[in-house]
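Secondary and tertiary structure notes
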Amino acid sequence: DEKAAFHKYREILKIQPLNIHALNKCSELSSRIGKRQTNSKLRDDYYSAAKTYASIALKINPANSESNCVMAMVLGRSSLAKSGKEKIANAKEVKKYVDLALKYDPQNYKAWHILARWHYEITNLSLLERAAVKLLYGGVPPASIKESIYAFEKARAISPGFILNYYELARAYRQIDKNDKETN
């Protein structure tokens, strides 16, 4: 029950407002709960809260892998719900935070998963989005399905019980299969 867990971690923050573990969990849970919201205002409120918790955690310890990971998570999730221009604007930020998360803890399976999703989403931008990126930012950041699969496999090796990773990994393998068929 993520909402109950979220409320428990918020209770911890009332007693210990600088508890980095509780801040990271509140950010992660807000992001996860927000993703399931059908009401866009409520979804955006959860994402805003998630970003606030992550920002506070990063102020306390900018070298905390999990804090960087939850910031990348909320930026990535909130980007998927936005228009192409806003999605692209967040892409560089997501990559920055996920790279920091992995720098501080190369065994952070959630960060590997986010990196894999980043590669997957960048690779699958529409032609219109790619044109906008080229015009606004000088080009699409380097990304590939092969890098996506590598990062999904890394997440799987670290945490074999992370079920969502298997689903996303299958999507990436399907994409590479599709690409192979189109080029042959």
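The present account deals with the structure reproduced in this document. (Residues numbered from 1 in each chain as written. Predicted model: local features only at pLDDT ≥ 70, side-chain atom pairs only at ≥ 80, totals over all residues. Heavy atoms only, no water.)

1. Focus on helix 1 (residues 2–15)
The terminal C-alpha atoms of helix 1, which comprises 14 residues, lie 20 Å apart, in line with the 20 Å expected from a rise of 1.5 Å per residue. Every buried residue of helix 1 is accounted for by Glu2, Phe6, Tyr9 and Leu13. Viewed end-on, helix 1 has its buried residues packed into an arc of 65°, placing them on one side of the element. Residues Lys8, Lys14 and Ile15 are exposed on helix 1 and point more than 90 degrees away from its buried face. The inward-facing, buried residues of helix 1 contact helix 2 (20–35) and helix 3 (40–60). (Helix = DSSP H or I, 4+ residues; strand = E, 2+ residues; numbered from the N terminus. Expected span 1.5 Å × (residues − 1). Buried < 20%, exposed > 50% of the residue type's maximum accessible area, 1.4 Å probe, protein only. Arc of directions from axis to C-beta. Contact = heavy atoms within 4.5 Å.)

2. Structural notes on the nonpolar core
Counting residues in each nonpolar core, the largest one holds 36 residues, and the members touching the most others are Met71 and Ile114. At the level of elements, helix 3, helix 4 (65–80), helix 5 (84–104), helix 6 (109–123), helix 8 (145–158) and helix 9 (163–183) are the ones that each hand at least two residues to this core. In terms of residue count, the dominant contributor to this core is helix 6 (8 residues). Ignoring any residue separated from it by four or fewer positions in sequence, one finds Met71 in contact with Lys51, Ala54, Ser55, Leu58 and Tyr97. In terms of nonpolar packing, the next biggest core, distinct from the first, is built from 11 residues, Leu13, Ala22, Tyr46 and Tyr53 among them. (Core = buried A, V, L, I, M, F, W, Y, C linked by side-chain atoms within 4.5 Å.)

3. Notes on the state of the cysteines
For the structure shown, the criterion picks out 0 disulfides. Distance from the sulfur of Cys26, which forms no disulfide, to the nearest cysteine sulfur (Cys69) is 16 Å. Take Cys26: its relative accessible area is 0%, and that puts it in the buried class. (Disulfide = S-S within 2.5 Å.)

4. Some thoughts on the packing of helix 3 against helix 4
Viewed as axis vectors pointing N to C, helix 3 and helix 4 meet at an angle of 155°, and their least axial separation amounts to 9 Å. Our classification of the angle between helix 3 and helix 4 gives roughly antiparallel. For the crossing formed where helix 3 meets helix 4, the hand is left-handed. Along its contact with helix 3, which presents Tyr47, Ala50, Lys51, Ala54, Ser55, Ala57 and Leu58, the element helix 4 presents Ser67, Asn68, Val70, Met71, Val74, Leu75, Arg77 and Ser78. (Axes fitted to C-alpha atoms, helices over the stretch in contact; angles between N-to-C directions. Parallel < 35°, antiparallel > 145°, perpendicular 65-115°, else oblique. Left-handed = near helix turned anticlockwise from the far one by under 90°.)

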